[in-house]
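Structural overview for review
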Number of protein chains: 2
Amino acid sequence: MEERKWKILSSEYLVKRPWLTARRDKVLLPDGRVNDEYYVLEYPSWINIIAFTTDGRLIMEHQYRHALGQTGIEIPAGVVEPGEEPLAAAKRELLEETGYEGGEWTHFMTLSANPGSFSNLSYTFLAQGVEPTGSRHLDATEDLEVILMEKTEVVKILERGEMIQALMVAPLYKAYIEGLLS
Amino acid sequence: MEERKWKILSSEYLVKRPWLTARRDKVLLPDGRVNDEYYVLEYPSWINIIAFTTDGRLIMEHQYRHALGQTGIEIPAGVVEPGEEPLAAAKRELLEETGYEGGEWTHFMTLSANPGSFSNLSYTFLAQGVEPTGSRHLDATEDLEVILMEKTEVVKILERGEMIQALMVAPLYKAYIEGLLS
């Protein structure tokens, strides 16, 4: 692919808070056009987890998502803390949100929610054989319920279009294609 | 699923520009917790298109994405204008970005980039048998190159993890599962 890197002529932070960092860049495009107002949302890396229990069920969640104003079916997910490796963050978030840990972990997929406006990437991990050995500790902004689901039920949810979080639907489809949900 | 709707106690706009609308809500959770600082990014609906030409190739794009600072492989995508239907927006964007139009169109999938922070949904349409009858008109912020790809090449790109835009990867996997890429 041709290199098209844009040049940042100036940059200003509009919001800089723990849960939202918004930046406005003035950018020069390779063809000479200048855009005075390009907005970038800076986020830390995100992780999510396709976690299978020792008896082969998936750990799913019902979580209320305020921006959309509705409760959705999701997989466990969270934010990578400063200095933390994505894998360590995934193990920590699974334990905190669901009380499950252990098993075999592998990196499964890397995605972006929206590469035009989000500065971060989202890493999906596959966890095989996790067990309920820990205790849950929810963040102040979290409002969720944990459910164990059979693989066939997750496939039905995908087929009916009932999951809408793209960062979770894409890796679940990949898992389906690779035979992990059958 | 249990109803968990959060109550907005107060709300304030921090940024209100054509390309970024950021709001801070003070919210009351069903269990009585109050969160003083929940950020919502308001966006119009988005659309993207899995478009097959009359000879069965897919219309793909190389597009520079400034937030991530890299050029990615994508499908055509855009924003629904005020008063516009998502399908009309999809047809307009395909023509503007690629010069292709016509064919048979169906709604294929509905996703969210991130239901925790984004207020909008993204609609994917399937367009079968489009033809190069129009001329391109790029927006000021667009910097992209159109490429026609064989289905087998798109499958290889998915398998190699070379596409990272989750709102596009998820519907392409769905198309793969439904036999549309073979």
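Residues numbered from 1 in each chain as written. Chains lettered and ligands numbered in written order. Predicted model: local features only at pLDDT ≥ 70, side-chain atom pairs only at ≥ 80, totals over all residues. Heavy atoms only, no water.

**Topic: the side chain of Glu84(A)**
Basically, it comes down to this: Strands are runs of DSSP state E lasting at least 2 residues, helices are runs of H or I lasting at least 4, and numbering of each runs from the N terminus. We call two residues contacting when some pair of their heavy atoms lies within 4.5 Å.
Relative to the helices and strands, Glu84(A) resides in the loop between strand E7 (77–79) and helix H1 (86–98). Apart from residues no more than four positions distant in its own chain, Glu84(A) is found in contact with Val79(A), Ala89(A) and Arg92(A).

**Points about the relation of the copies chain A and chain B**
Put simply, the rule is: Copy-to-copy alignment: least squares on C-alpha atoms, limited to residues at pLDDT 70 or above in both.
The transformation that overlays chain A on chain B combines an axial shift of 0.0 Å with a rotation of 180°, and the residual RMSD is 0.0 Å. Here the symmetry operator amounts to a two-fold rotation axis. Identified as the residue of chain A closest to the rotation axis by C-alpha distance is Ala170(A), at 2.0 Å. A shared interface surface links the copies, since 100% of the contact residues of chain A are contact residues in chain B too.

**As for the pattern of salt bridges**
Stated precisely, the cut-off is as follows: Each reported salt bridge corresponds to a side-chain nitrogen of Lys or Arg within 4 Å of a carboxyl oxygen of Asp or Glu. A simple rule labels every residue: compare its accessible area, found with a 1.4 Å probe on the protein chains alone, to the largest value its type can have, and call it buried under 20%, exposed over 50%, or partly exposed in between.
As enumerated under the stated definition, the model contains 29 salt bridges over all chains in all. Here Arg17(B) makes a salt bridge to Glu37(A), at a shortest N to O gap of 2.3 Å. Remark: Glu37(A) occurs in strand E3 (residues 34–42) and Arg17(B) occurs in strand E1 (residues 7–17); the pair is interchain, linking two chains. The class for Arg17(B) is partly exposed, based on a relative accessible area of 39%. We note a salt bridge from Arg92(B) to Glu93(B), for which the minimum N-O separation is 3.3 Å. Residues participating in the shared-partner salt-bridge network are Glu81(B), Glu84(B), Arg92(B), Glu93(B) and Glu96(B).

**Structural notes on the interface of chain A and chain B**
What counts, and what does not: Under the rule applied, a polar contact is a pair of N or O atoms within 3.5 Å (in protein, one hydrogen donor and one hydrogen acceptor; residues adjacent in sequence only if both atoms are side-chain atoms). Gly falls in the polar group here, along with every residue not listed as nonpolar (Ala, Val, Leu, Ile, Met, Phe, Trp, Tyr, Cys, Pro) or charged (Asp, Glu, Lys, Arg).
Counting residues at the interface gives 68 residues for chain A and 68 residues for chain B. Applying the counting rule to chain A against chain B returns 2 salt bridges. Here chain A and chain B share 17 residue pairs in polar contact (both at pLDDT 80 or more) between them. Among the elements that take part in the side of chain A that touches chain B, helix H3 (residues 166–177) of chain A stands out by supplying 8 residues, more than any other. Among the residues forming the side of chain A that touches chain B, the class breakdown is 38 nonpolar, 15 polar and 15 charged.

**A short note on helix H2 (residues 151–159) of chain B**
Residues and elements named next belong to chain B. So the rule is basically this: In this description, the arc belongs to the directions extending from the helix axis to the C-beta atoms.
Regarding H2, the residues found buried are Val154, Val155, Ile157 and Leu158. Relative to the axis of H2, the buried residues are bounded by an arc of 160° and lie together on one face. Away from its buried face by more than 90 degrees, H2 exposes Thr152 and Glu159. Check the buried side of H2 and you find it contacts strand E5 (58–65), strand E6 (70–74), strand E10 (144–149) and helix H3 (166–177). With its phi angle positive at about 70°, Gly161 sits one or two positions after the end of H2.

All quantities given are derived from atomic positions and should not be read as evidence of function.
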